[in-house]
Amino acid sequence: MATGNVENWTGNIADIGALYPFVGIETPLVIAGVVFWIGWHVVQLRRESAELDEEVKKFGNSDAMRKVLDSTDPDKR
Amino acid sequence: MDNELTALGIIFTEFYYWVTVVFMFLIHVGFCMYEVGATRQKNHMHTLMKNTMIIPLVTVSFYFVGWWVYFAFPNGPWIIGDLLAAPFAAANSELMGAHLGGPPVQGSLTADDTAAWARINGVFWAAFLLFSWTAASIVSGAVIERIRSSAFWILAVLIGSFFWIVDASWGWHPDGWMVQKLGYHDAYASGVIHAIAGGFALGVLIPLGARIGKFAKDGTPRNIGPRNPWLVTVGLFLIYTGFWGFYAACNIPMFNVQGGDGVVFSATNIYLAPTTLSAITLNFLMSLAGGMMAAYMVSKGDAFWTYSGGLAGIIGASAGNDLYHPIQAMFIAAAVVVIIYKLHFWVERRFKIDDAVGAVAVHGYAGFLGVVIAGFMLWGYPASPNPEYATINPLGNFIGACIMFIVLGFIPGFTFATILKKMGILRIPPEIEILGLDISATELQAHEEQAMVEAERRALQASHPETI
């Protein structure tokens, strides 16, 4: 059983190419990697929205906020 | 690699880029420190994580997309020709992993591909990747304290793993169409990294809006200056340090620059035209000096702007720092810094743009001006060793600067930030902006500290009841 193309270092080293295990699996690996990357963004976006909503409910005080907002130029926020 | 000289050349080049990556890592350390130092305490942790997460997100997206784009897009595609084949740079290439250069397994690759790229692909990819982080980090500083991290990270991936590398393919590649047709010259990335990132930041800032309180009701800007000047100072010094790696990474360390039958080895710029490390060291330091001296004078000794002026000075001279005389580099840097300083405050007052760290000015305006100035200063020089390509000229570099700042920077930044705004995910709610992004952590910490104090008080009471 061998997962890679290298079984010993005694042959002709110049004939050795890819060193990583399971050569030939590159395209499925890329697909899995892209799903992981895009999925991370999606999960993070949802989680952040939920956290912000919760924080606004928990800590937001509309009267105090209005006073602060009234003191600044509303077009430039 | 069957003889020592060939091996020395290949392994030296591999090691050279590897070292540039280590140096450039410091740029990101510096950006993190600088950004947190410029942020109010209520937002520290979120600001830190917003910038830090550029590292993994841009890395994976640049692996999947960006590296292939650089080699596939020099013709546009479809501006002067088709998409180019770049099988060695595709994410599913066997050369995007550990490889000793032997015969390929994949049919899309040749033995020449594996021999040429096996030992260089990873380190060259990483050198470009560190540029990608820098592009995204430049935008990060401008938008602190009100952008949603999730939205920023989408924008970071777009600038870091797509738009900047498209511009590199067009204008920072030996055969990019801008080099061929416009004579575009931008040796140390004034436009390729800085103008595009500054333009992108400006495009994001418009739909994002200013921080609450930045402008008074009558529109007068308020100074929300650096909250921790020491962190900002160390951060900017680290960026200076990392910039050495950035400059070195813009070179090919050893290349036969003699056309025809002769052999002359030299370092080259990215266009494969000869330069020397000595030349760029002289110009780097003299442009840093010119920028700092001008910034100190024009800002009346403001530390934040003096450091930033040093960066802007280098950026302003970078497009031609392979060829300038050091004193030319110094004067160009000084002139650019005076202009961008004035422009920053004029734009802030006139258009109410809240660029929290001056990133649009230091990178965007300085990069744009640097490219334009190089077009005049280096007029008639060859843009490439290929004699059929256009020579450097003012119009070519001006058009190139506009492509960097506006076409690939401002327009995508504005467009994607506007889309995120329409989706309601660009900006944090005003309540959180006022309370601070770290409000949950701060409240939790306060509760835990209160509980600790009470626990300690009970323990003390139990052991020494007479003292309470």
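Definitions and cut-offs
- Residues numbered from 1 in each chain as written.
- Chains lettered and ligands numbered in written order.
- Predicted model: local features only at pLDDT ≥ 70, side-chain atom pairs only at ≥ 80, totals over all residues.
- Heavy atoms only, no water.
- Pairing = 2+ DSSP bridges.
- Helix = DSSP H or I, 4+ residues; strand = E, 2+ residues; numbered from the N terminus.
- Salt bridge = Lys/Arg side-chain N within 4 Å of Asp/Glu carboxyl O.
- Buried < 20%, exposed > 50% of the residue type's maximum accessible area, 1.4 Å probe, protein only.
- Axes fitted to C-alpha atoms, helices over the stretch in contact; angles between N-to-C directions.
- Parallel < 35°, antiparallel > 145°, perpendicular 65-115°, else oblique.
- Left-handed = near helix turned anticlockwise from the far one by under 90°.
- Contact = heavy atoms within 4.5 Å.
- Nonpolar A, V, L, I, M, F, W, Y, C, P; charged D, E, K, R; others polar.

Q: Which parts of the structure should I look at to understand the pairing of strand β2 (residues 265-268) of chain B?
A: Regular strands show a simple pattern: their side chains alternate between the two faces of the sheet. All names here are of chain B. As paired strands, strand β1 (residues 252-256) and β2 are joined by three bridges and run antiparallel to one another. The residue bridging N256 from the neighbouring strand is F265, located in β2. Inspection of the sheet shows β2 paired to strand β3 (residues 274-275) by two bridges, in the antiparallel sense. Within the sheet, the bridge partner assigned to T268 lies in β3 and is P274. Remark: five residues form the turn of the hairpin made by β2 and β3, two consecutive strands paired antiparallel; L272 in that turn has positive phi of roughly 70 degrees.

Q: Teacher, can you tell me more about the pattern of salt bridges here?
A: Pairs may arise between side chains of opposite charge once their charged atoms sit close together. Residue and element names in this part refer to chain B. Going through the model one piece at a time under the given rule, you end up with eight salt bridges over all chains. Salt-bridge contacts for R211 lead to D354; the nearest nitrogen and oxygen are separated by 2.9 Å. Of the two residues, R211 sits in the loop between α8 (190-208) and α9 (229-249) while D354 sits in the loop between α12 (326-351) and α13 (359-377), which places them 143 residues apart along the sequence. E348 is the partner of K214 in a salt bridge, and the nearest nitrogen-oxygen pair spans 3.4 Å. Of this pair, K214 sits in the loop between α8 and α9 while E348 sits in helix α12, and the two are 134 residues apart along the sequence. For the residue pair K214 and E348, the accessibility class agrees, reading buried in each case.

Q: What is the right way to read the packing of helix α10 (residues 277-298) of chain B against helix α11 (residues 303-318) of chain B from this model?
A: All names here are of chain B. Remark: α10 packs on α11, axes separated minimally by 7 Å, with the N-to-C direction vectors making an angle of 135 degrees. With respect to their mutual orientation, α10 and α11 come out oblique. Relative to α11, α10 is oriented so that their crossing is right-handed. Together, F284, S287, L288, G291, M292, A295 and Y296 of α10 and W305, T306, G309, G310, G313, I314 and A317 of α11 make up the contact between the two elements. Residues of the contact of α10 with α11, tallied by class, amount to eight nonpolar, six polar and no charged.

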